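Observations on chain architecture
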Amino acid sequence: MTDRAKSYTLHVGIVVLLAVLFFVLPAYHVGNLARIMVLAVYAIGYNLLFGYTGLLSLGHALFFAAGMYGFGMSIHLWGTPTALALVLGGLSGLVVAGIVGFLALRTRDVAFMIVTLMFAQAGYLTILYFGPTTRGDEGFVVSDAGRTLFGLDLSDEATRYWAALVLLATALLGTAALVKSRLGRALIAVRENEERAQMLGYDTTRLKYIAVVLSGTLSAVAGAAYAILFGYVGGTFATVQYSIFPLLWVLLGGAGTTIGPLIGVIFMFYLIDISSGFTDAYMFIAGVALLILCLFAPQGIAGEIRRRGLKWLP
């Protein structure tokens, strides 16, 4: 079996496993997995930029919130049909990522991190400034009509799970195809050695811009999906915390691996869920776990699996 065939078999197997878990797990864990799958799509979007292109962003909450508010505000203010509102959510992320990428890529390294963080903070402050309309940190609940898509009630637990699974499957398989494509290989070349990639004739600035736009758009789609599936839009999702989360998920799961973001979200979600039942200092426990993984598995869980045996893991 070729490496490409192994890769697609693995990804399809993961999707099938998640489908089977719906019939096996208690309702509590089914609800958790639906949330995990949507957040994993967000992490996959972040991984495209950080893991595969080597650009460390500290402002991805801006894209997640752009998708969430692009969807939520169009429903809340104008009563836009749900399908069109979802498209507007994705387009919001595309436009914001296009603008941020155009400006932020004029910088490099630490400066790029700071600029993306500044844009994210500006986005969060904008949400607060227009609080009478956006409802700020308090947020607002998406109407029942806004959570119905093609006759499907996405507030229903079962429907929500399958919708989240379809979204995750699309992101997983799409990423697997991308990293094996010429574009994906070029992005990896930029990550490994940008100067050498330039010598080989690649327009590295253009490639990095494409990566920012793809990453931001996918993150926005995840934000719009979160709003419709869980019925809430709030400024909390635009804070620095939600820019740090995808970085932690990707580092834990394995940067530059397609399945790493999903592994990282599952690990962190249940680590916090379990530890919060014992102590209020659950983030300290999460920090210790991250430190241990960085020391003993610096490439993340999936990265270590690839290093120790599964060389074909994309």
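Owing to the predicted nature of the structure, the values given are computational and were not obtained by experimental measurement. (Residues numbered from 1 in each chain as written. Predicted model: local features only at pLDDT ≥ 70, side-chain atom pairs only at ≥ 80, totals over all residues. Heavy atoms only, no water.)

1. Some details on the overall build of the chain
Let me state the cut-off plainly: Put simply, DSSP marks the helices as runs of H or I at least four residues long and the strands as runs of E at least two long, and each gets a number from the N terminus on. In this description the radius of gyration comes from C-alpha coordinates, and the expected globular size is given by 2.2 Å times residues to the power 0.38. Only protein chains enter the accessibility calculation, which uses a 1.4 Å probe; a residue whose area is less than 20% of its type maximum is buried, one above 50% is exposed, and one in between is partly exposed. Here, residues are in contact when the closest pair of their heavy atoms is within 4.5 Å. Shrake-Rupley sampling with a 1.4 Å probe provides the accessible areas, and residues are treated as covered by the protein chains on show and by no other component. His is not counted, nor are the chain ends; Lys and Arg add positive charge and Asp and Glu add negative charge. A single reference atom marks each charge: NZ on Lys, CZ on Arg, CG on Asp, CD on Glu.
The number of helices and strands found in the chain is 14 helices and four strands. Relative to a compact globule of 314 residues, whose C-alpha radius of gyration would be 20 Å, the chain shows 19 Å and is just as compact. For the chain, buried positions account for 52% of its 314 residues. Considering only intrachain contacts with a sequence separation of at least 6, the fraction spanning at least 24 residues in the chain is 76%. For the chain, the computed accessible surface area is about 14,300 Å², with 69% contributed by carbon and sulfur atoms. Across the chain, the mean location of the 19 positive side-chain charges is 12 Å away from that of the 15 negative side-chain charges.

2. Description of the environment of threonine 2
Relative to the helices and strands, threonine 2 resides in the segment before α1 (3-24). Considering only alpha carbons, one finds threonine 2 and tryptophan 312, 310 residues apart in sequence, at a separation of 8.9 Å.

3. Some details on the nonpolar core
Spelled out, the test is: Put simply, a nonpolar core is a bunch of buried Ala, Val, Leu, Ile, Met, Phe, Trp, Tyr and Cys residues held in one set by side-chain atoms that sit within 4.5 Å of each other.
Ranked by size, the top nonpolar core spans 81 residues in total, and within it Leu18, Phe64, Phe71, Tyr161, Leu168, Tyr226 and Trp249 carry the most contacts. At 15 residues, the largest contribution of residues to this core is made by helix α2 (residues 27-50).

4. A closer look at the environment of alanine 169
Following the sequence through the fold, alanine 169 ends up in helix α7 (residues 157-180). Alanine 169 sits 106 residues away from serine 275 along the chain, and the two C-alpha atoms are 29 Å apart.

5. Let's talk about the packing of helix α12 (residues 260-275) against helix α13 (residues 282-296)
Helix-helix packing is described using two parameters, namely the angle between the two axes and the distance between the axes. The criterion, for reference: Here, axes are lines fitted to C-alpha atoms. For helices the fit covers the stretch in contact, and angles between N-to-C directions go from 0 to 180 degrees. Small angles under 35 degrees read as roughly parallel and large ones over 145 as roughly antiparallel, with 65 to 115 read as roughly perpendicular and the rest as oblique. The hand of a helix crossing depends on one turn: near helix anticlockwise from the far one by less than a right angle means left-handed, and clockwise means right-handed. Just so you know the grouping, Ala, Val, Leu, Ile, Met, Phe, Trp, Tyr, Cys and Pro go in nonpolar, Asp, Glu, Lys and Arg go in charged, and all remaining residues, Gly too, go in polar.
It is at 9 Å that the axes of α12 and α13 come closest, and there the two elements cross at 140°. Considering their axes alone, α12 and α13 lie oblique with respect to each other. The element α12 and its partner α13 pack so that their crossing is right-handed. Only Tyr282, Met283, Ile285, Ala286, Ala289 and Leu293 of α13 make contact with α12, whose side of the interface consists of Phe267, Met268, Leu271, Ile272 and Ser275. Taken together, the residues of the contact of α12 with α13 sort by class into ten nonpolar, one polar and no charged.

6. Here's the deal with the side chain of threonine 116
Let me state the cut-off plainly: Residues adjacent in sequence count toward polar contacts only when both atoms are side-chain atoms; beyond that, a polar contact is any pair of N or O atoms within 3.5 Å, and within protein one must be able to donate a hydrogen and the other to accept it.
Mapped onto the fold, threonine 116 is located in helix α5 (residues 109-129). Classification of threonine 116 by relative accessible area gives buried; the value is 6%. Here leucine 58 takes part through its backbone nitrogen, which lies 3.1 Å from a polar atom of the side chain of threonine 116. Not counting chain neighbours up to four residues away, the residues in contact with threonine 116 comprise Ser57, Leu58, Gly59 and Ala104.

7. Digging into the packing of aromatic side chains
The test is simple: Between the rings of Phe, Tyr and Trp (Trp by its six-membered ring), a pair exists once the centres lie within 6.5 Å; its type follows the angle of the planes, with under 30 degrees stacked, over 60 edge-to-face, and the other angles tilted.
Going through the model one piece at a time under the given rule, you end up with 19 aromatic pairs. A centroid spacing of 5.9 Å and a plane angle of 45° characterise the contact between tyrosine 46 and phenylalanine 50, whose relative ring orientation is tilted. Remark: phenylalanine 50 and tyrosine 46 occur in helix α2; sequence separation between them is four residues, near one turn of the helix. A single burial state applies to tyrosine 46 and to phenylalanine 50, both of which are buried.

8. Some remarks on the side chain of glutamate 304
In this structure, glutamate 304 sits in helix α14 (residues 300-308). A polar contact is formed between the side chain of glutamate 304 and the side chain of arginine 307, at a distance of 2.8 Å.

9. Here's the deal with the packing of α2 against helix α10 (residues 204-230)
α10 packs onto α2 with a crossing angle of 170° between their chain directions and a minimal axis gap of 7 Å. On the basis of the axis angle, α2 is roughly antiparallel to α10. Between α2 and α10, the residues in contact are Ala34, Arg35, Val38, Leu39, Val41, Tyr42, Ile44, Gly45, Tyr46, Leu48 and Leu49 and Ala211, Val212, Ser215, Leu218, Ser219, Ala222, Ala225, Tyr226, Leu229 and Phe230, respectively. Residue composition of the contact of α2 with α10, by class: 17 nonpolar, three polar and one charged.

10. Topic: α10
Which entries qualify depends on this criterion: A helix's residues, less one, multiplied by 1.5 Å, set its expected span.
Between its terminal C-alpha atoms α10 stretches 38 Å, which fits the 39 Å expected from 27 residues at 1.5 Å a residue. Counting buried residues along α10, 21 of its 27 residues qualify, which places the element largely inside the surrounding structure. Positive phi shows up at glycine 231, right after α10, with a value of about 70°.

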